[in-house]
Amino acid sequence: MAAEYLPGTPGERIRDLRKEAKLNKEEFAEAIGISRSTLGDIELDKRSISSTTALEIAKYFNVSVDFVLAKTDDPNIIN
């Protein structure tokens with residue numbers, strides 16, 4: 001990924017990834033199997049992210065779950 005990611009909340013991180021991919025909320029929510037309103041709440045940090053949703057987001061963007069959850073600023077998946 002070419003973008004530089006600054007520390008922030010999981011919601012901010014997910015919103016940045018979505019916008020970088022040029023997806024609207026409805027498109028992205030459908031792609032990961034949640035409702036648009038749930039995605040909106042996650043992006044605003046009004047709702048916690050389930051482990052299943054965090055994994056789906058990480059797989060969609062090919063980043064680590066820790067990156068999605070803003071536990072690291074490195075998007076690379078490390079095994």
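Here, the structure is the one placed above.
Rules and cut-offs
Residues numbered from 1 in each chain as written. Predicted model: local features only at pLDDT ≥ 70, side-chain atom pairs only at ≥ 80, totals over all residues. Heavy atoms only, no water. Helix = DSSP H or I, 4+ residues; strand = E, 2+ residues; numbered from the N terminus. Patch = residues over 30% accessible without salt bridge, like charges linked within 9 Å, V, L, I, M, F, W, Y side chains within 5 Å. Areas by Shrake-Rupley, 256 points an atom, 1.4 Å probe, with all protein chains shown as cover. Salt bridge = Lys/Arg side-chain N within 4 Å of Asp/Glu carboxyl O. Lys, Arg positive; Asp, Glu negative; His and termini not counted. Charge placed at Lys NZ, Arg CZ, Asp CG, Glu CD. Buried < 20%, exposed > 50% of the residue type's maximum accessible area, 1.4 Å probe, protein only. Polar contact = N/O pair within 3.5 Å; in protein donor to acceptor, adjacent residues only side chain to side chain. Axes fitted to C-alpha atoms, helices over the stretch in contact; angles between N-to-C directions. Parallel < 35°, antiparallel > 145°, perpendicular 65-115°, else oblique. Contact = heavy atoms within 4.5 Å. Nonpolar A, V, L, I, M, F, W, Y, C, P; charged D, E, K, R; others polar.

Peer 1: Any chance you could break down unusual backbone geometry for me, citing the residues and the numbers?
Peer 2: Here Asn62, not a glycine, exhibits a phi torsion of approximately 55°, which is positive. Mapping Asn62 onto the fold places it in the loop between α4 (51-61) and α5 (65-68). Located in the positive-phi region is Ala70, a residue other than glycine, with phi close to 60°. Positionally, Ala70 belongs in the segment after α5.

Peer 1: Break down a negative patch on the surface for me, with residues and values.
Peer 2: Among the surface-exposed residues, Glu12, Asp16, Glu20 and Asp45 lie close enough to one another that they form a single negatively charged patch. Using a relative accessible area of 35% as the deciding quantity, one classes Glu20 as partly exposed.

Peer 1: Go over the side chain of Arg13, please, and point to the residues and values.
Peer 2: By the element assignment, Arg13 lies in helix α1 (residues 10-20). For Arg13, the side chain forms a polar contact with the main-chain oxygen of Phe67, separated by 2.9 Å.

Peer 1: Tell me what's going on with the pattern of salt bridges, and back it up with residues and numbers.
Peer 2: Scanning the model with the defined rule gives four salt bridges in all. Note that Asp73 and Arg13 form a salt bridge whose closest N and O atoms lie 3.0 Å from each other. You can see Asp73 sitting in the segment after α5 and its partner Arg13 sitting in helix α1, a full 60 residues away along the chain. Asp73 sits in the partly exposed class, given a relative accessible area of 38%. Salt-bridge contacts for Glu56 lead to Lys59; the nearest nitrogen and oxygen are separated by 3.4 Å. Of this pair, Glu56 and Lys59 both sit in helix α4, three residues apart, which is roughly one turn of the helix. For Glu56, a relative accessible area of 27% gives the class partly exposed.

Peer 1: I'd like a description of the packing of α1 against helix α3 (residues 36-43), backed by residues and values.
Peer 2: Their axes nearest at 7 Å, the elements α1 and α3 cross at an angle of 120°. Taken as axis vectors, α1 and α3 run oblique relative to one another. Contact residues: α1 offers Gly11, Glu12, Ile14, Arg15 and Arg18, while α3 offers Leu39, Ile42 and Glu43. Residue classes in the contact of α1 with α3 are distributed as three nonpolar, one polar and four charged.

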